[in-house]
Amino acid sequence: MFEDQRSRRVALVAHCLLNQNAISDGTAIHPCAHLEVVRTLLEEGIGILQMPCPELCCLGLDRGDPLGSQRPVTVENTRIRRQLERPLAAQRLAALVDQVAYQVQEYHRHGFVVVGIIGANRSPSCGVETTSDQDREVPGKGVFLEALCRELARRGLEIPCIGVKAGPEAAQRVRSLLEKSL
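The model shown is predicted, which means the values in this text are computed figures rather than measured ones. Residue positions within a chain follow its written sequence, with the count starting from 1. Local features are withheld for residues below a pLDDT of 70 in this predicted model, meaning they are given only at 70 or higher, and side-chain atom pairs are given and counted only at 80 or more; totals for whole chains, interfaces and linings count all residues. Only hydrogens and water are removed before side-chain values are computed, so all heavy atoms of the structure are retained for them.

Can you lay out the packing of aromatic side chains for me, pointing to particular residues and giving the numbers?
Aromatic rings from Phe, Tyr and Trp, with only the six-membered ring used for Trp, were paired whenever their centres fell within 6.5 Å, and each pair was classed as stacked if the ring planes differed by under 30 degrees, edge-to-face if by over 60, and tilted otherwise. Enumeration over the complete set of coordinates arrives at 1 aromatic pair. Directly above the aromatic system of Phe112 lies the positively charged group of Arg8, at a separation of 5.0 Å from the ring centroid. A positively charged side chain is recorded as over a ring if its NZ (Lys) or CZ (Arg) lies within 6 Å of the ring centre. The angle to the ring normal must also be within 35 degrees.

If you want it as structure tokens, here you go:
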């Protein structure tokens, strides 16, 4: 099965790294995507599984902010984190986690290598090493990635995670992740 030209290697990538149009107002740093991350994965023959944007899927494109984008990014991110923890959003978030975990499980079941999860540091939902809380960037995972990693572990799947920010170091972090998967 799957004896064609596919690499059988896949990386899960935070939605906003591939689509800057999905992130909260005032936080985009690229017009479309983090090209350094995309190029690195494609050059290494890694398939890209774009994870859903939990903020867009649970809160909407404008994140339901009654004050608009007048707040500093850290305050906005803390507000988003709190919104994702509310019951309806948490229910939607759990469904997204289940969908992504199922896809990872399917790849694994069919002998594919899931090389890792690439999140967006500082994000209240997809941060890996850092997230936003209490109106500042703090160590820890975002709400979505924390729940996803917990669910993957529950299913017996340990997938390495890295977080990136814009810049040349993002490509190097992705290369380091890929080297560990060989």
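On we go.
Tell me what's going on with unusual backbone geometry, and back it up with residues and numbers.
Residues apart from glycine generally show negative phi values, whereas peptide bonds are mostly found in trans. Of note, the phi angle at Arg8 is positive, near 65°, even though the residue is not glycine. A run of H or I in DSSP becomes a helix once it reaches four residues, and a run of E becomes a strand once it reaches two; helices and strands are each numbered from the N terminus. By secondary structure assignment, the location of Arg8 is in the segment before β1 (9-13). A relative accessible area of 24% means that Arg8 is categorised as partly exposed. Accessible area is worked out with a 1.4 Å probe on protein chains only. A residue is then buried under 20% of its type maximum, exposed over 50%, and partly exposed in between.

Give me the lowdown on the nonpolar core, citing residues and values where you can.
The biggest cluster of nonpolar side chains holds 46 residues, and the ones touching the most others in it are Leu12, Leu41, Met51, Ile118, Phe144 and Leu148. Residue contributions to this core peak at 7 residues, all from helix α5 (residues 87-109). Apart from the residues lying within four places of it in its own chain, the contact partners of Met51 are Leu12, Val13, Ala14, His15, Val100, Ile117, Ile118, Phe144, Leu145 and Leu148. Take the buried Ala, Val, Leu, Ile, Met, Phe, Trp, Tyr and Cys residues and link them wherever side-chain atoms come within 4.5 Å; each set so joined is a nonpolar core. Only heavy atoms matter for contacts: two residues are in contact if any of them lie within 4.5 Å across the pair.

Please provide a residue-by-residue account of the sheet that holds strand β6 (residues 161-164), values included.
DSSP bridges decide pairing: two strands pair if at least two such bridges lie between them. Strand order in this open sheet of 4 strands is β2-β1-β3-β6, and the pairing throughout is parallel. The open sheet has two edge strands, β2 (47-50) and β6, and neither has a second partner. Along the sheet, successive strands turn relative to each other by an average axial angle of 30°, direction set aside. The sheet contact formed by β1 and strand β3 (residues 113-120) spans 5 bridges and is parallel. Counted as the bridge partner of Ala11 is Gly116 from β3. Axis lines are fitted through C-alpha atoms, for helices just across the contact stretch, and the angle between N-to-C directions can take any value from 0 to 180 degrees. Where helix α2 (residues 35-43) meets the sheet, it contacts β1, β2, β3 and β6, and its direction lies at approximately 135° from that of β2. Packing against the sheet, helix α6 (residues 143-154) makes contact with β1, β3 and β6, and its axis sits at approximately 160° to β3.

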